[in-house]
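# Tertiary structure, described
Each chain, written out:
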Amino acid sequence: MSQTPNPHDPYGTEPSASVPPQSPAPHEDAPSGDMPAPTSDPALHPHDPFALDPSDPQQPAPDQAGPAPQPGGYDQGASPGAGPAHANAQQTTSGPAAPPADLKGVHEGALSGQPVSDSDARLWSLFAHLSAIIGYIVGVGFLGWLGPLIIFLVYKDRDRYVRYNAAEALNAAIAVAILSVVLWIGIAIIGVITLGIGFLLSPIAYIPAVVHCIFAIVGAVKSNQGAWWNYPVNLRLVK
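What counts, and at which threshold
- Residues numbered from 1 in each chain as written.
- Predicted model: local features only at pLDDT ≥ 70, side-chain atom pairs only at ≥ 80, totals over all residues.
- Heavy atoms only, no water.
- UniProt positions renumbered as here; feature names shortened; annotations may be inferred.
- Helix = DSSP H or I, 4+ residues; strand = E, 2+ residues; numbered from the N terminus.
- Buried < 20%, exposed > 50% of the residue type's maximum accessible area, 1.4 Å probe, protein only.
- Phe/Tyr/Trp six-rings, centres within 6.5 Å; stacked < 30°, edge-to-face > 60°.
- Core = buried A, V, L, I, M, F, W, Y, C linked by side-chain atoms within 4.5 Å.
- Contact = heavy atoms within 4.5 Å.

Looking at an unreviewed UniProt entry, one finds the protein named DUF4870 domain-containing protein, with Candidatus Brachybacterium merdavium as its source organism. The annotation that UniProt attaches to the protein under Subcellular location (unreviewed entry) is "Membrane".

Now the structure itself:
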């Protein structure tokens, strides 16, 4: 039985009154506002520059997430020198270089005191040598050991570099004191035998102190440069 077409709907798009409208199935509800999942096919989205191409080997897989950014604004795995960890590594390696293997008079035991900075180590090593010169000037050639001894006692457990330079200056001052006593005794004996003429040899007794002053100046320059330097001649009773 043929139906007469609707004059207001020549294309038959409106449902016929004899056909009741069908309600949607319960499981096919309208979407609740969630965005549809993005597709990974760039052909379906020609204007989307962020669409993933599965055929590109350089594109990461959708289920593989990249490394999470590290706190602090840098990636710890990006470069080996980035971040605070590298700065801490630099701080721990600062200071004068390790002593040469053939250097004499270096203390090889452990140090239990609080360490000092590189600049302080060089400064007090410089003072250890210069204090010997000041001691000879103030003490008329006999107190060259006082300044190096004080610095040695203060820094012997805190810094190996300061300890070495203070010990080198202290050992030289001890050697100078021993030689000066021996020379003064010899000059006194000669002076008595020669009825006072032998006392003209008194300046000889200051030669060891003058030699130590020369070594101390060189040692002060070397220690300020961070170099380990042995006195050419030394007694080395203290390490």
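The discussion continues.
## Some points on the environment of L130
If you trace the backbone, L130 turns up in helix α2 (residues 118-138). Judged by relative accessible area, which is 31%, L130 ranks as partly exposed. In this structure, the C-alpha to C-alpha distance between L130 and V218, residues 88 residues apart in sequence, is 10.0 Å.

## Details of the UniProt feature "transmembrane region" (unreviewed entry) in the protein
The sites that UniProt annotates as "transmembrane region" (unreviewed entry) are residues 133-155, 167-193 and 199-221. What you have in residues 133-155 is 70% helix and 0% strand, and the ends, taken at the C-alpha atoms, are 20 Å apart. As annotated, residues 199-221 comprises 65% helix and 0% strand, and the C-alpha atoms at either end are separated by 36 Å.

## Topic: the packing of aromatic side chains
With the rule as written, the count across this model stands at 7 aromatic pairs. Centre to centre, the rings of W184 and Y206 are 5.8 Å apart; their planes meet at 90°, and the pair counts as edge-to-face. Here W184 is found in helix α4 (residues 160-193), whereas its partner Y206 is found in the loop between α4 and α5 (207-224), with 22 residues between them in sequence. On the basis of relative accessibility, which here comes to 26%, the residue W184 falls in the partly exposed class. Judged by relative accessible area, which is 33%, Y206 ranks as partly exposed. Three or more aromatic residues link up through ring pairs in this structure, and these residues are W124, F127 and Y155.

## Things to note about the nonpolar core
With 14 residues, the main nonpolar core has I151 and W228 as its most contacted residues. At the level of secondary structure, the elements contributing two or more residues to this core comprise α2, α3 (146-155) and α4. Here this core takes 5 residues from α4, the largest share from any one element. Among residues more than four places away in sequence, those in contact with I151 are W124, F127, A128, S131, V162 and A166. Listed in part, the 11 residues of the second largest apolar core include Y136, A169, A209 and A216.

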